[in-house]
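The lines below spell out each chain.
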Amino acid sequence: MNLTLKVWRQKNATSPGRFEAYQAKEIIQDMSFLEMLDVVNEELISRGEDPIAFDSDCREGICGACALVINGVPHGGQKATTTCQLHMRHFEDGDTITIEPWRARAFPVLEDLVVDRSAFDRIIQAGGFISVRTGGVPDANAIPVPKPDADLAMDAAQCIGCGACVAACRNASAMLFVAAKISHLGLLPQGKVEKDRRVLSLVRAMDKEGFGNCAVTGSCEAVCPKEISLEFISRMNRDYAVALFKGK
Ligand code: SF4
Ligand code: FES
């Protein structure tokens, strides 16, 4: 396949960015999107030009590092697929593909397609953990967990912190991410002790980082590569109201 790429290039956080056009030549359909960018970068390096900066780590859909808006959609719009798991067979020979970084005030662009997502780290530091002493590994079934709670907690735990939900939201809301963390921890017995404090701290941290309110459009759920459900936002709102009422 031969493709035209329109890629956002930006030298650093303070310089203005612009789209640059590149040719991606002889791309194999079975390549991942990031492998296609690797090919383009090798060509740029061989010409003595700066390669396109982008984030990646696991390239297996589990770390959340790859963060590209492809043709206007975070992660490219394939159901339950991260950018690193997106394959070139979903594109046609001769296509023009636009590639941009996440766009959100709380995720400033550092260089080209790389954004600073440390706002998510600070939200987790505000209470996205369990600090009660849980002791050694208990025997199986020593702490009974209802099956529906265990299933729901595991669904929420799938969130990889990629930030696509923020990039897709017109308000740049981080509510799907925060809601997933709150349910992931709060549904399990070990996490229940700090449940009220956690939801208040995480919501406060989210607001402080400059993320917007939920736009109620469902765009976050639609682009989430781990199919985190909007239901978790409803749960978070309930948990938040209860914690406020208790005055914790
Ligand atoms: S909720 Fe989904 S889109 Fe948002 S950070 Fe988690 S995995 Fe990414
Ligand atoms: S590089 Fe880890 S999820 Fe894409």
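Description of the structure in this document. Please read these numbers as outputs of a predicted model, since none were measured by experiment. (Residues numbered from 1 in each chain as written. Chains lettered and ligands numbered in written order. Predicted model: local features only at pLDDT ≥ 70, side-chain atom pairs only at ≥ 80, totals over all residues. Heavy atoms only, no water.)

The subject of this paragraph is the overall build of the protein. Along the protein, the regular secondary structure elements total nine helices and seven strands. Along the first, second and third principal axes, the C-alpha atoms of the protein reach 60 × 40 × 35 Å. With 248 residues in all, the protein has 45% of them scored as buried. Considering only intrachain contacts with a sequence separation of at least 6, the fraction spanning at least 24 residues in the protein is 70%. Roughly 12,900 Å² of accessible area belongs to the protein as shown, and the carbon and sulfur atoms make up 50% of that amount. Between the averaged position of the 28 positive side-chain charges in the protein and that of its 32 negative side-chain charges there is a distance of 9 Å. (Helix = DSSP H or I, 4+ residues; strand = E, 2+ residues; numbered from the N terminus. Buried < 20%, exposed > 50% of the residue type's maximum accessible area, 1.4 Å probe, protein only. Contact = heavy atoms within 4.5 Å. Areas by Shrake-Rupley, 256 points an atom, 1.4 Å probe, with all protein chains shown as cover. Lys, Arg positive; Asp, Glu negative; His and termini not counted. Charge placed at Lys NZ, Arg CZ, Asp CG, Glu CD.)

All right, on to the site of ligand 1 then. In the vicinity of ligand 1, the contacting residues are Cys-159, Ile-160, Gly-161, Cys-162, Gly-163, Ala-164, Cys-165, Leu-176, Phe-177, Cys-224, Pro-225 and Ile-228. Using a 2 Å cut-off from the grid points, one finds that ligand 1 occupies the largest cavity. Looking at the shell around ligand 1, the elements that each hand over two or more residues are helix 4 (164-168) and helix 5 (175-186). Its residues assigned to classes, the shell around ligand 1 comprises 10 nonpolar, two polar and no charged. (Near = heavy atom within 4 Å. 1 Å grid on protein atoms, 1.4 Å probe; cavity = no way out; pocket = protein on both sides within 12 Å on 5 of 7 lines; lining within 4 Å. Sits in = over half its atoms within 2 Å of the grid points. Nonpolar A, V, L, I, M, F, W, Y, C, P; charged D, E, K, R; others polar.)

This brings us to the sheet that holds strand 1 (residues 3-9). What the five strands build is an open sheet, ordered 2-1-5-3-4; its pairing is mixed. Only two strands of the sheet have a single neighbouring strand rather than two, namely strand 2 (18-24) and strand 4 (73-74). Sheet analysis places strand 1 next to strand 5 (residues 96-100), joined by four bridges and oriented parallel. Pairing of Thr-4 across the sheet is with Thr-96, part of strand 5. Contacts between helix 1 (residues 33-46) and the sheet are confined to strand 1, strand 2, strand 3 (69-70) and strand 5, with strand 2 contributing the most and set at about 90° to the helix. (Pairing = 2+ DSSP bridges. Axes fitted to C-alpha atoms, helices over the stretch in contact; angles between N-to-C directions.)

Below, the discussion takes up unusual backbone geometry. Here Ala-172, not a glycine, exhibits a phi torsion of approximately 50°, which is positive. Inspection of the secondary structure assignment puts Ala-172 in the loop between helix 4 and helix 5. Given a relative accessible area of 15%, Ala-172 falls into the buried group. In the Ramachandran plot, Val-216 falls in the positive-phi region, its phi being about 55° despite a non-glycine side chain. Note on placement: Val-216 falls in the loop between helix 7 (195-208) and helix 8 (219-223).

A separate point is the pattern of salt bridges. Taken as a whole, this structure holds 15 salt bridges when the rule is applied. Note that Asp-55 is salt-bridged to Arg-117, the shortest N-O span being 3.5 Å. Of the two residues, Asp-55 is situated in the loop between helix 1 and strand 3 and Arg-117 in the loop between strand 7 (114-115) and helix 2 (118-125); the sequence distance between them amounts to 62 residues. For Asp-55, a relative accessible area of 26% puts it in the partly exposed group. Here Lys-246 and Asp-196 are joined by a salt bridge, their closest N and O atoms 2.9 Å apart. Of this pair, Lys-246 sits in helix 9 (residues 231-246) while Asp-196 sits in helix 7; the two residues are 50 residues apart in sequence, bridging distant segments of the chain. Taking the relative accessible area as the measure of exposure, Asp-196 reaches 11% and is therefore buried. Salt bridges sharing common partners tie together Glu-43, Arg-47 and Glu-49. (Salt bridge = Lys/Arg side-chain N within 4 Å of Asp/Glu carboxyl O.)

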